[in-house]
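Notes for the structure review
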Amino acid sequence: MKKSISRNKAAILAAVQHLFAGAFMVCVLINSVGQSVVLPGPEGERSYALWESDRSRSFEESGLFNNIFANNLAEISDHVAICSVLENGGNYDGEKIVDTTAFVNRGTTLPDYYITARYPVGSLIKWAQNGFEYETRDMSALQVSRFLAEQNTWTHIINNSLSGGMNSYLNAMIDGNIETVSNPSGTETPISEGYVFYDNPYASDETEEHSILINRYRTVDGKSIENLVSEWDAYQALCANVTQAAQDIASDYEKYQDLKDYYRTDHSAMRYYIIRSIGGRQEIYTNVPELYGADAASIDACFSGYGSFLYYCPYDLTYRTEGLLIDEKTVRGMFNQTLQAFYPDQIRVWAGADLNAQGIADDFSAGREQSQRYIPASQAIRLMAAIFAVAWFILLVVRMLLAGHVVPAAESKKEKAAGIRLYSFDRLPTELLLILFAFIGIAIYSVFRLTVYLPADLQNLPQFDEVIKTARAVLISSVVSCGILSLVRKHKAGRLAGDCLSVRAFRGLERMIRFTAAHTNLALTTWLPYVCFVLINLVPTVILFYRRSPFGVPILIFICALDLAVGFVIYQTGIRRREIIEGIERINAGETGTTLRTDDLRGENRRMAVAVNAIGEGIKQAVNTSMQDERMKAELITNVSHDIKTPLTSIINYVDLLKREEFKGEKATEYLRVLEEKSQQLKRLTEDLVEASKISSGAIEIEPVKLDLVEFVHQTLGEFDEKFGERGLTPVFRTPKEPVFVQADSHHLWRVMENLFGNAAKYAMPNTRIYLDLAFSDRNAEGKRDAVFSIRNVSENELHVDPGELTERFIRGDESRTSEGSGLGLSIAQSLIRAQGGEMRIDIDGDLFKVTLWIAEAEKNA
């Protein structure tokens, strides 16, 4: 992919991506509309959900059909409850009597004796339709007593049993189950605590304002409300019951007419037949008039012919369905929860849907039509929505790959080196950037929520909601994409974590924790006492402040300032003391040139710093003197060795000349051989002394080059092949499969190998193997590794020396010192390998002698 893209192409990519977001939202909206249908019903339009499982079902088996059926059954249960108040024999009866108090309190239990007014249902409906009129009068207690009846007229429910789902309202509707009495049995006076007698001469003449209901209609007994009660509270309560009953029944009457018309057999496919038994009297409610009064078998046969029907009888615990998914609990809830006052246990319900009826346009026919239209299309719409979502995501990924290569050049060198270009807002802290885009997204969402306050004419425009939601999706897509791309640009520029405030805070906290951990004594000896000091000072001051003492605020300010000053002084003193301790630690580590500043120190810190500087100066002088002595020693060794080499060379030359002469005696020949051997040994000792002196004085030069260590070892083995053969030693060299290149000085590395191989040739047990192993170490944190070379042999003589002592000068494993060697070989080898940045270690396990070298691996491009 190109590393840059023009602004125009980038803008086109962004526009296409956001168009995909808008198209996705359009599909979602269409699908959400397709997930539900709006169907006509008895109380207006109702929304129904379309079930996913309905795709493989017929309409009669679908969840939509069952929902329509259940809603119609709920409406019918409500309708029949209203019919039980308004009808007789299946027709409206305006003369049907209503007990107003029992009707209003139909959800509760009435006492055996209560006050009520009984009206024809038609009178109550007309009274509510015409409105209730009240008259305000100023009446004294005497006038109130004359206005009301002398005694309360009580209604008695003879059998107020609540068994079988019966209630006080239903019991009051049973013929012959109520009676009217003035004084209930067992009382000599009316049941009234505030009763005022008609001719009470002691009644007060003071008047009060009273609101009186104008009796537009009379009760079935031809009485007014005031003729039924003798107390004002009872009068008001009865008036409230009458008005409430009239209003409820009038409202039910309007709904009754609508439902009666809606559930005609030529208008709705819904069929019902409900029998209610109250006190041995059966009431039938049905919209199938030809079945009125039929026996149960005929009703079953008729409803079975509809295909989808149910039968419910709670008294017999019977519930059966055919072609429906509605369970008994749902049906029981329809008749028991809100309408329990109208339905006792002794009811039988048949309900079905005659979908074969012709010419009916209802919710069933509309549901069939719309489900066949929307369900097949929803799968294609979902597929399109998925395609648009994937396309949006792909374009987002493409824009993420191109992020940072579109906008104007960045300012920082790091960004220019990376080729990343940032917007100005990309340089905000990461958390602030996220908050900014989140705020913009929430603001966009909130602004579009305010569209509900637009003029109604505008909101009623076609597809207004769809346009608003699509625009909102496009804008939110822009905000989300912009936020993601900004984070990607910051990541590419290496600023995502660096600009993060939480990361900065965490790093600061980490530094503080590390500082505290590294300066534990400072934290314990300085800050802990200081915190205790501050708490001791602030506690009484805060108490004074909260007690509103006039001195509380000034004292609090003074104490805080004093604590801050003391804390600053303590902190500075602790820091200076810590600097002194660090200076001592540096001097201890060998930095003898360390000098502490004393100009800003006072008291003990100053005296301590001066003493440390003096100690450092003394140590520095001692080190310089020691180094000078070492140099003098090295020069002495060098000079003596040089002086010895001149006569030694002459001796070697004369020995060589004597070897050319012919001696007859064997002793003379033997003396000559010993003289040659010892002169050569003295020569090697002199050379080792000179080299050791150079190494100790640092006078050697290291010129590292890239060496093939495998080949280097093979060459060394070739040089020592004759010596190994004389003692019957067999070298075994094991190498890794990959080549081993090291960075070392070839001359000095050869001397190291020569010493190690020569040591093995001298001290290894004859007729044994010498194991040579070459491998790599594990990589360190920087990704580098070392070549590890080891040489192992079994010593001929018993070893009674510590491995660390063998690298010291003039130390030999052969304590009798009968073999050749100066005791400098391993010491020289260790010094040379360390001078090249490597390391050497000696291990002894019984008679097993092992030397291991670590040499830095050469870089591949070296």
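1. A word on the overall build of the chain
- Looking only at helices and strands, the chain features 23 helices and 23 strands.
- The burial tally for the chain puts 39% of its 862 residues in the buried class.
- Of the contacts formed within the chain by residues at least 6 apart in sequence, a portion of 71% connects residues at least 24 apart.
- With the model as given, the accessible surface of the chain reaches about 48800 Å², and the carbon-plus-sulfur share is 55%.

2. Structural notes on the sheet that holds strand E14 (residues 307-313)
- Reading across the sheet, the five strands line up as E13-E12-E16-E14-E15 and stay open at both edges, with antiparallel pairing between neighbours. In this open sheet, the two strands that pair with only one neighbour each are strand E13 (281-286) and strand E15 (318-322). Adjacent strand axes in the sheet meet at a mean angle of 10° when their direction is disregarded.
- With five bridges connecting them, E14 and E15 associate as antiparallel partners. Following the sheet pairing, Cys313 is matched in E15 by Thr318.
- The strands that helix H2 (residues 63-86) touches are strand E12 (270-278), E13, E14 and strand E16 (347-354); relative to E12, the one it contacts most, it runs at about 40°.
- Across the face of the sheet, helix H9 (residues 328-336) comes into contact with E12, E14, E15 and E16 while running at roughly 60° to E14.

3. What about the confidence of the model for the chain?
- Scored by pLDDT, the chain comes out at a mean of 78, with 78% of its residues at no less than 70.
- Predicted confidence for residues 809-813 stays below pLDDT 50, and this span has 25 contacts to residues more than four positions away or in other chains.
- This model gives residues 815-819 a pLDDT under 50, and the stretch forms eight contacts once residues within four places in sequence are excluded.

4. What about the sheet that holds strand E10 (residues 178-181)?
- In space, the three strands of this open sheet follow the order E6-E9-E10, with antiparallel pairing throughout. A strand with exactly one partner marks an edge of an open sheet, and here the two such strands are strand E6 (113-114) and E10.
- With two bridges joining them, E6 and strand E9 (residues 154-157) adopt antiparallel strand pairing. Its bridge partner lying in E9, Tyr114 is registered against Thr155.

5. Some details on unusual backbone geometry
- Positive phi values are uncommon outside glycine, yet Leu317 reaches one of about 55°.
- In this structure, Asn767 is a non-glycine residue whose phi angle is positive, near 60°.
- Relative to the elements of secondary structure, Asn767 occurs in the loop between helix H22 (746-763) and strand E20 (769-776).

6. Overview of the environment of Asn171
- Inspection of the secondary structure assignment puts Asn171 in helix H6 (residues 168-172).
- Looking at Asn171, the relative accessible area reads 4%, which means it is buried.
- Distance from Asn171 to Ala102, taken between C-alpha atoms, is 9.3 Å for residues 69 residues apart in sequence.

7. Thoughts on the packing of helix H4 (residues 121-130) against helix H7 (residues 232-262)
- Between H4 and H7, the shortest axis-to-axis distance is 8 Å and the interhelical angle comes to 90°. Between H4 and H7, the interaxial angle falls into the category roughly perpendicular. For the pair H4 and H7, the contacting residues are Val121, Leu124, Ile125, Trp127, Ala128 and Gln129 in the first and Val242, Ala246, Gln247, Ile249, Ala250 and Tyr253 in the second.
- Its residues placed into classes, the contact of H4 with H7 shows ten nonpolar, two polar and no charged.

8. A word on the packing of helix H20 (residues 709-719) against H22
- The geometry of H20 relative to H22 is characterised by a closest axis approach of 11 Å and an angle of 50° between their N-to-C directions. With respect to H22, the element H20 is oriented oblique. The crossing of H20 and H22 is right-handed. Between H20, through Leu709, Phe712, Val713, Thr716, Leu717 and Glu719, and H22, the contact on the second element is made entirely by Ser746, Leu749, Trp750, Met753 and Phe757.
- Of the residues contributing to the contact of H20 with H22, the split by class is eight nonpolar, two polar and one charged.

9. Observations regarding the pattern of salt bridges
- Scanning the entire structure with this criterion turns up 21 salt bridges.
- When the shortest N-O distance is used, the salt bridge between Glu75 and Arg46 registers 3.5 Å. Taken together, the positions of Glu75 in helix H2 and Arg46 in strand E2 (residues 44-49) put the pair 29 residues apart, joining distant regions of the chain.
- For Glu75, a relative accessible area of 9% gives the class buried.

10. A short note on the packing of aromatic side chains
- If you walk through the whole model with that rule in mind, you get 24 aromatic pairs.
- Plain terms: the ring middles of Tyr262 and Tyr263 are 5.0 Å apart, the flat faces sit at 85° to each other, and that makes the pair edge-to-face.
- Residue Tyr262 is classed as buried on the basis of its relative accessible area of 8%.
- Here Tyr263 falls in the buried class, since its relative accessible area comes to 1%.
- Measuring from centroid to centroid gives 5.8 Å for Phe720 and Phe757, while their planes differ by 40°, and the two rings are tilted. Highlighted residues: Phe720 in the loop between H20 and helix H21 (721-726) and Phe757 in helix H22, separated in sequence by 37 residues. In terms of burial, Phe720 and Phe757 fall into one category: buried.
- Against the face of Phe103 rests Arg106, its NZ or CZ located 4.2 Å from the ring centre.
- Positioned over the ring face of Phe776 is Arg785, at 3.8 Å from the centre of the ring.

11. Some thoughts on the environment of Ile791
- By secondary structure assignment, the location of Ile791 is in strand E21 (residues 786-794).
- Taking the C-alpha atoms as reference, Ile791 lies 6.7 Å from Thr852; in sequence the two are 61 residues apart.
- Discounting chain neighbours no more than four positions away, the residues touching Ile791 are Leu756, Phe757, Ala760, Ile770, Tyr771, Leu772, Phe849, Lys850 and Val851.

12. Brief notes about H22
- A rise of 1.5 Å per residue sets the reference length of H22, with its 18 residues, at 26 Å; its end C-alpha atoms lie 26 Å apart and thus fit the reference within 8%.
- Within H22, 13 of the 18 residues are buried, which leaves it mostly tucked inside the rest of the structure.
- Put simply, Asp745 is the residue that caps the front of H22, since its side-chain oxygen is 3.0 Å from the backbone nitrogen of His747.

Reading guide: rules and limits
- Residues numbered from 1 in each chain as written.
- Predicted model: local features only at pLDDT ≥ 70, side-chain atom pairs only at ≥ 80, totals over all residues.
- Heavy atoms only, no water.
- Helix = DSSP H or I, 4+ residues; strand = E, 2+ residues; numbered from the N terminus.
- Buried < 20%, exposed > 50% of the residue type's maximum accessible area, 1.4 Å probe, protein only.
- Contact = heavy atoms within 4.5 Å.
- Areas by Shrake-Rupley, 256 points an atom, 1.4 Å probe, with all protein chains shown as cover.
- Pairing = 2+ DSSP bridges.
- Axes fitted to C-alpha atoms, helices over the stretch in contact; angles between N-to-C directions.
- pLDDT = per-residue confidence, 0-100.
- Parallel < 35°, antiparallel > 145°, perpendicular 65-115°, else oblique.
- Nonpolar A, V, L, I, M, F, W, Y, C, P; charged D, E, K, R; others polar.
- Left-handed = near helix turned anticlockwise from the far one by under 90°.
- Salt bridge = Lys/Arg side-chain N within 4 Å of Asp/Glu carboxyl O.
- Phe/Tyr/Trp six-rings, centres within 6.5 Å; stacked < 30°, edge-to-face > 60°.
- Lys NZ or Arg CZ within 6 Å of the ring centre and 35° of its normal.
- Expected span 1.5 Å × (residues − 1).
- Polar contact = N/O pair within 3.5 Å; in protein donor to acceptor, adjacent residues only side chain to side chain.

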